[in-house]
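Each chain, letter by letter, is given below.
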Amino acid sequence: MDQALLLSKLNDHYNRTLPFIAFKLPYSDIVFCYLQKDATVHTTTTFKEESFIFAPFAFNGTAHCIPSEGSEVIKYEMPKEILKQIPVSVKEDPTEKARYTKLVTEAIDKIKTGNVHKIVVSRPQEVRLKTFDLSLLFERIMHLYPTALSYIWYHPETGLWSGASPEVLIYTEGTSFTTMALAGTQKVNKNGINHWSAKEHEEQQFVTDAITTSLQKITAVLKVSKTTTHRAGTVAHLRTDITGILKNSTATLPKVCSVLHPTPAVCGTPRDNARNFIQNKEGYDRSFYTGFLGPVCEQEKSSNLFVNLRCMKIADDVATLYVGGGITRSSVAEHEWEETRNKLQTMLQVLAPML
Ligand SMILES: C=C(O[C@@H]1C=C(C(=O)O)C=C[C@H]1O)C(=O)O
């Protein structure tokens, strides 16, 4: 199928308010699309049917999904093309900056009281588009970030979401699994080498420790890699891979997801205390941001689930971009604000021709 036909099918689906998903896995050139033939709201608690799963931050065991059955399934190979990144500026809103830095300061104060080590706080940023163009969105999201899970999800129930996530929640293949601890953020250094502070290493170590502890009960083998620098668009993170074998009897995919989600990389640690802070103080509903998403296939016993980061929701001509960062006792509110501004670039690059 050529790209013009694919785009006309996607546009047609969108105009008829029919659900679809288009996604590309990291390091792959193949875009998969499931175009649902009706507007049924499909949900899953078993994660067994071949489908693309879309779960919110407030996941309670049930996720939205678009099954391949009952959908037109399209496999499309993206032509190789490198799009240049152009920094896009958004006006700094002093009121929003004051609100966010206050939230960060409150998180630091909470951490200093001692019952929570790390809290991930976040904010939505609205951006007005001249006009929304689904074809342009497709071309840019699928080309700009080859190491990410790039996607466009649409369902009349949830609206249109798009993102390029650098963070694996879990990959499974039979009982083998891979997950990752991703934290610490810097702008990508021009010489390609980033130097990380003790604060950034500490923050990332919280994530590794919390993930390995939570996986202990449901795994038979657990291995932790060396920590490396992971580039994600214009920012870089510290990353540790965690691999192993799941216990066959207890570790179903929904169970593994409930154990891992929300990870300390998007919520904090200990989880309940961090989540309480977020719910009481963040001041907005994260909805699908920092939820998880990706394809699952029971027959092949495989899944590729990602954390929904570097994403946005688009309604009419307004895109809402979501960004956050992990706070520890040594965080500096002004730096955290800057970090969220840097992270905004990932989706702003995608939207650039529509601004
Ligand atoms: C919360 C976000 O990112 C997470 C927080 C990070 C950090 O605190 O340094 C780094 C990567 C992600 O795990 C986001 O991008 O919105």
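Scroll up to find the structure this text is about.
Here is a short report on the structure shown in this document. (Residues numbered from 1 in each chain as written. Predicted model: local features only at pLDDT ≥ 70, side-chain atom pairs only at ≥ 80, totals over all residues. Heavy atoms only, no water.)

Check the secondary structure of the protein and you find 7 helices and 18 strands. Taking 20 Å as the expected radius of gyration for a compact globule of 355 residues, we find that the protein reaches 19 Å, a close match to that expectation. With respect to the principal axes defined by its C-alpha atoms, the protein has extents near 55 × 55 × 40 Å. Sequence separation of at least 24 residues holds for 72% of the intrachain contacts in the protein that already meet a minimum separation of 6. With the model as given, the accessible surface of the protein reaches about 15500 Å², and the carbon-plus-sulfur share is 50%. Here the protein contributes 39 positively and 37 negatively charged side chains, and the mean placements of these two sets differ by 5 Å. (Helix = DSSP H or I, 4+ residues; strand = E, 2+ residues; numbered from the N terminus. Rg over C-alpha atoms; globule rule 2.2 N^0.38 Å. Contact = heavy atoms within 4.5 Å. Areas by Shrake-Rupley, 256 points an atom, 1.4 Å probe, with all protein chains shown as cover. Lys, Arg positive; Asp, Glu negative; His and termini not counted. Charge placed at Lys NZ, Arg CZ, Asp CG, Glu CD.)

The next thing to look at is the pattern of salt bridges. This structure, assessed with the given rule, holds 16 salt bridges. Of the charged contacts, one joins Lys 97 and Glu 92 as a salt bridge, the two residues approaching to 3.4 Å between their closest N and O atoms. (Salt bridge = Lys/Arg side-chain N within 4 Å of Asp/Glu carboxyl O.)

The next point concerns the site of the ligand. The environment of the ligand is formed by 18 residues, the closest being Glu 167, Thr 185, Tyr 289, Arg 310 and Gly 326. Within the backbone of Gly 324, one N or O atom sits 2.9 Å away from an oxygen atom of the ligand. In isolation the ligand has 400 Å² of accessible area, and contact with the protein removes 100% of it. When atoms are counted within 2 Å of each cavity's grid points, the one that captures over half of the ligand is the largest cavity. Looking at the shell around the ligand residue by residue, the class counts come to 7 nonpolar, 6 polar and 5 charged. (Near = heavy atom within 4 Å. Polar contact = N/O pair within 3.5 Å; in protein donor to acceptor, adjacent residues only side chain to side chain. 1 Å grid on protein atoms, 1.4 Å probe; cavity = no way out; pocket = protein on both sides within 12 Å on 5 of 7 lines; lining within 4 Å. Sits in = over half its atoms within 2 Å of the grid points. Nonpolar A, V, L, I, M, F, W, Y, C, P; charged D, E, K, R; others polar.)

It is worth spelling out the sheet that holds strand E15 (residues 292-297) at this point. Pairing is antiparallel in the open sheet, where 9 strands are placed in the order E3-E5-E4-E15-E16-E10-E11-E13-E12. On the outer flanks of this sheet lie strand E3 (42-44) and strand E12 (219-232), each paired with one strand and no other. Between one strand axis and the next, the sheet turns by 20 degrees as a mean value, whatever way the strands run. Direction of pairing for E3 relative to strand E5 (residues 63-67): antiparallel, over a ladder of 3 bridges. Residue pairing across strands places His 42 opposite Cys 65, the latter belonging to E5. (Pairing = 2+ DSSP bridges. Axes fitted to C-alpha atoms, helices over the stretch in contact; angles between N-to-C directions.)

On to the packing of aromatic side chains. This model, assessed by the stated rule, comprises 20 aromatic pairs. Ring centres of Trp 161 and Tyr 322 lie 5.4 Å apart, and the angle between their planes is 15 degrees; this geometry places the pair in the stacked category. With Trp 161 in strand E9 (residues 159-165) and Tyr 322 in strand E18 (residues 318-327), this pair connects stretches of sequence that are 161 residues apart. For Trp 161, a relative accessible area of 0% corresponds to the buried category. Through successive ring pairs, a cluster of aromatic residues spans Phe 23, Phe 32, Tyr 34, Phe 52, Phe 54, Tyr 151, Trp 153, Trp 161, Tyr 284, Phe 288, Tyr 289 and Tyr 322. Seen from the ring of Tyr 100, Arg 123 lies directly overhead, with NZ or CZ sitting 5.6 Å from the centre. The ring centre of Phe 57 lies 4.5 Å from the NZ or CZ of Arg 286, which sits over that ring. (Phe/Tyr/Trp six-rings, centres within 6.5 Å; stacked < 30°, edge-to-face > 60°. Buried < 20%, exposed > 50% of the residue type's maximum accessible area, 1.4 Å probe, protein only. Lys NZ or Arg CZ within 6 Å of the ring centre and 35° of its normal.)

Turning our attention to the layout of surface pockets. A volume near 620 Å³ is recorded for the largest pocket. Every residue lining the largest pocket is counted, 26 residues in all, and those nearest its centre are Gln 85, Lys 187, Val 188, Gly 233 and Thr 234. When residues of the lining of the largest pocket are traced back to their parent elements, those giving at least two are E12 and helix H7 (333-351). With 7 residues, H7 is the largest single contributor of residues to the lining of the largest pocket. Across the lining of the largest pocket, the residue classes tally to 11 nonpolar, 10 polar and 5 charged. Forming the walls of the second largest pocket are 19 residues, and the residues nearest its centre are Ala 251, Thr 252, Leu 253, Glu 298 and Lys 301. Among the secondary structure elements, those contributing two or more residues to the lining of the second largest pocket are helix H5 (253-260), E15 and strand E16 (302-307). Each residue belonging to the lining of the second largest pocket can be placed in one class, and the counts come to 7 nonpolar, 8 polar and 4 charged. (Points joined across faces, edges and corners; volume = space filled by probe spheres on them.)

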